Amino acid sequence: MPSLNDIRSTFLDYFARNGHEVVDSSPLVPRNDPTLMFTNSGMVQFKNLFTGLEHRDYTRATTSQKCVRAGGKHNDLDNVGYTARHHTFFEMLGNFSFGDYFKSEAIPFAWELLTRDFDIPKDRLLVTVYHTDDEAADMWKKVAGLSDDRIIRIPTDDNFWRMGPTGPCGPCTEIFFDHGPEIWGGPPGSPEEDGDRFIEIWNLVFMQNEQHDDGSLTELPNQSIDTGMGLERIGALLQGKHDNYDTDLMRALIEASAHATSSDPDGPGKTHHRVIADHLRATSFLIADGVLPANDGRGYVLRRIMRRAMRHAHMLGAQDPVMHRLVPALVTQMGGHFTELREAQALIAETLRAEETRFRQTLDRGLKLLDAEMTDLSDDADLPGATAFKLYDTFGFPLDLTQDALRERGRKVDVDGFDAAMADQKARARAAWSGSGEAADATIWLDLADRMGGTEFLGYKTETAEGQV
Ligand code: ATP
Ligand code: MG
Ligand code: MG
Ligand code: MG
């Protein structure tokens, strides 16, 4: 059975054999795009090649790109632990053509790799195309011999990709694998499509248009290809599994988590182990790429992921910091291909240990407060925003951590109430400063308070910025 490491190599070797330059993954913090929080797809590092702003000495490339989808337009944080197919960190395998080949080669490449090299049974595969893209539909018929009912025409933006409001764009075709009728879900375009029976494995984007300011579309002079396939998803199916978390790599991390917490990997704490395994990867790769936990921006997203994982470890009964003890298992699994993990191993472990030590000081008390509040609430009531805000402000619980904790009990947070409590506190902080006569200092403090996430100013003796995110 091929490991995820084997599958990554098979993919890159296949495209190398077909004239593609094997390019390293770019870092998770995009170098060329300050508007993007994290690299979330393979094309990010090639943006300027697609637009023609930049040229390199190759026109075909292949990568296994590190991606994080835990904020911004693509946010899969809430899916982790609940679907079979989503991670916050994953690897996106891709092949790219910069004005070189187009549909008539991209579709046969994908089909040949899947059905010949990976030997996936043809009758388990189906595809979507953009509803007007007859060219792609005909190509699938010709190349793959797919019947009409296996070429699903989708009229929505799910099958029309855009780089942004203007710029290169075009239709895409997505390849799905049918994991079988015993799993709930329907084919793409059906009401049950969000189920996990039909899993999207590969998305091929045909960049053939340019969108202009006035909304009009013109044909691009150089047509390009951008594809993305989740390594963990193709891995699951090649390993005869339905669930990404049952692949060799994720399983090794889940077992490390079970070992470190002396609990059963498949027992009642199963979801906790899945979340821990996922968040360990996101956290470690982000730290290796230079992000450190902080109270704003990228660092705050990292902190949210770390603290969420730490609550799950706590739920498994861990008394001491756990996350840093899982780093060696991750380095064993992934440090061969991603050497930055090895290089940053000590920093990753130390950052995790320090954060978990600190967060533990308030985690337990915060969870007790949450429990107490829940017993007082009527059966279906939302958690009041003021309580969620207190957890945030005094106990360092990011809002999504509280939401995650409540989801296990089928409850929600009153988010409007939370926002109101936050706004109220900012207003009070401002009011407390007006009249002090130190306008310049006040502005600096208020800016700081905003950046820190609006912690209440209680005087210099309080450690405002630390545990109170
Ligand atoms: P889905 O509809 O399942 O959320 P997507 O359409 O958002 O996937 P794309 O943006 O097309 O995904 O990304 C290309 C490929 O990357 C997908 O076909 C899938 O194999 C993989 N992928 C996307 N998001 C994730 C994720 N959160 N975890 C693991 N793999 C993912
Ligand atoms: Mg998605
Ligand atoms: Mg999709
Ligand atoms: Mg897609």
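Because the structure is a prediction, the values reported are computed rather than measured.

A. Main features of the site of ligand 1. Taken together, 16 residues lie around ligand 1, and D76, H86, E200, N203 and G230 are the ones closest in. Within the side chain of H86, an N or O atom sits 2.9 Å from an oxygen atom of ligand 1. Take R233: an N or O atom from its side chain is 2.9 Å from an oxygen atom of ligand 1. Burial of ligand 1 by the protein amounts to 85% of the accessible area it has alone, namely 590 Å². Of all elements in the fold, only β5 (89-97), β10 (198-211) and β11 (217-230) reach the threshold of two or more residues within the shell around ligand 1.

B. Structural context of the nonpolar core. Ranked by internal contacts, the top residues of the largest apolar core, which has 108 residues, are W140, W202 and I234. With nine residues, helix α7 (residues 270-288) is the single largest residue contributor to this core. Not counting the four nearest positions on each side in its chain, I234 is found in contact with I7, L93, L114, F118, I120, I201 and M229. In terms of nonpolar packing, the next biggest core, distinct from the first, is built from 16 residues, L49, F50, M207 and L220 among them.

C. Inspection of unusual backbone geometry at higher detail. A positive phi is found at D119, a non-glycine position, where the angle reads about 60°. Not every positive phi belongs to a glycine, and S262 is a case in point at roughly 45°. Relative to the helices and strands, S262 resides in the loop between α6 (248-260) and α7.

D. Seen up close, α7. Its 19 residues give α7 an end-to-end C-alpha distance of 27 Å, which sits within 8% of 27 Å, the value for a rise of 1.5 Å per residue. Of all 19 residues that make up α7, 17 are buried, and the element is covered over most of its length. Two residues or fewer after α7 comes G290, characterised by a positive phi angle close to 95°.

E. How the structure looks around the pairing of strand β7 (residues 151-154). Sheet topology note: the strand β6 (residues 125-130)/β7 ladder contains four bridges and is parallel. Among the inter-strand pairings, V129 is bridged to a residue of β7, identified as R153.

F. Inspection of the packing of aromatic side chains at higher detail. Following the criterion strictly, the structure yields 20 aromatic pairs and no others. Look at F15 and W202: their rings are 6.4 Å apart centre to centre, the planes differ by 85°, and that puts the pair in the edge-to-face class. One end of the pair, F15, is in helix α1 (residues 4-17); the other, W202, is in strand β10, with 187 residues separating them in the sequence. An identical accessibility class is assigned to F15 and W202; each is buried. A ring pair is formed by Y58 and F98, whose centres lie 6.4 Å apart and whose planes are at 50°; its orientation type is tilted.

G. Quick look at the coordination of the magnesium ion (ligand 4). Binding of the magnesium ion (ligand 4) to the protein goes through E174 (OE) and E200 (OE), at separations of 1.9 to 2.2 Å. If you look at the magnesium ion (ligand 4) and the magnesium ion (ligand 3), they sit 3.3 Å from each other and are both ligated by E200. On the criterion of sequence distance, the pair formed by E174 in strand β9 (residues 167-178) and E200 in strand β10 is long-range, its members being 26 residues apart. Taking relative accessible area as the criterion, E174 reaches 8% and is therefore assigned buried.

H. Region of the structure containing the state of the cysteines. Inspection of every chain in the model, using the stated rule, returns zero disulfides. Free cysteine: C169, not disulfide-bonded; nearest cysteine sulfur from C172 at 11 Å.

I. Spotlight on helix α14 (residues 415-433). An ideal rise of 1.5 Å per residue puts 27 Å on 19 residues; α14 measures up with 27 Å between its terminal C-alpha atoms. G417, F418, A421, M422, Q425, A429 and W433 are the residues of α14 that are buried. Taken end-on, α14 shows its buried residues confined to a sector of 150°, consistent with a single buried face. Among the residues of α14, the N-terminal cap falls to D414, whose side-chain oxygen and the backbone nitrogen of D416 are separated by 3.4 Å.

J. Summary view of the pairing of β10. The element β10 is largely enclosed, with a buried count of twelve among its 14 residues. Taken together, the ten bridges between β9 and β10 define a ladder with antiparallel strand orientation. Residue pairing in the sheet places F176 in a bridge with E200 of β10. Strand direction decides the pairing type here: β10 and β11, joined by nine bridges, are antiparallel. Across the sheet, residue W202 finds its bridge partner in β11, namely M229. Counting the residues that bridge the hairpin from β10 to β11 gives five residues, and of these G215 lies at a positive phi of roughly 90°.

K. Local environment of the environment of V291. Structurally, V291 is set in the loop between α7 and α8 (297-315). Distance in space between the C-alpha atoms of V291 and V205 is 30 Å, their sequence separation being 86 residues. Residues contacting V291, with those up to four places away along its chain left out, are V29, F38, L286, R298, G299 and L302.

Thresholds applied
Residues numbered from 1 in each chain as written. Chains lettered and ligands numbered in written order. Predicted model: local features only at pLDDT ≥ 70, side-chain atom pairs only at ≥ 80, totals over all residues. Heavy atoms only, no water. Near = heavy atom within 4 Å. Polar contact = N/O pair within 3.5 Å; in protein donor to acceptor, adjacent residues only side chain to side chain. Areas by Shrake-Rupley, 256 points an atom, 1.4 Å probe, with all protein chains shown as cover. Helix = DSSP H or I, 4+ residues; strand = E, 2+ residues; numbered from the N terminus. Core = buried A, V, L, I, M, F, W, Y, C linked by side-chain atoms within 4.5 Å. Buried < 20%, exposed > 50% of the residue type's maximum accessible area, 1.4 Å probe, protein only. Contact = heavy atoms within 4.5 Å. Expected span 1.5 Å × (residues − 1). Pairing = 2+ DSSP bridges. Phe/Tyr/Trp six-rings, centres within 6.5 Å; stacked < 30°, edge-to-face > 60°. Donors = N, O, S within 2.8 Å, 3.2 Å for Na, K, Ca; no water. Disulfide = S-S within 2.5 Å. Arc of directions from axis to C-beta.

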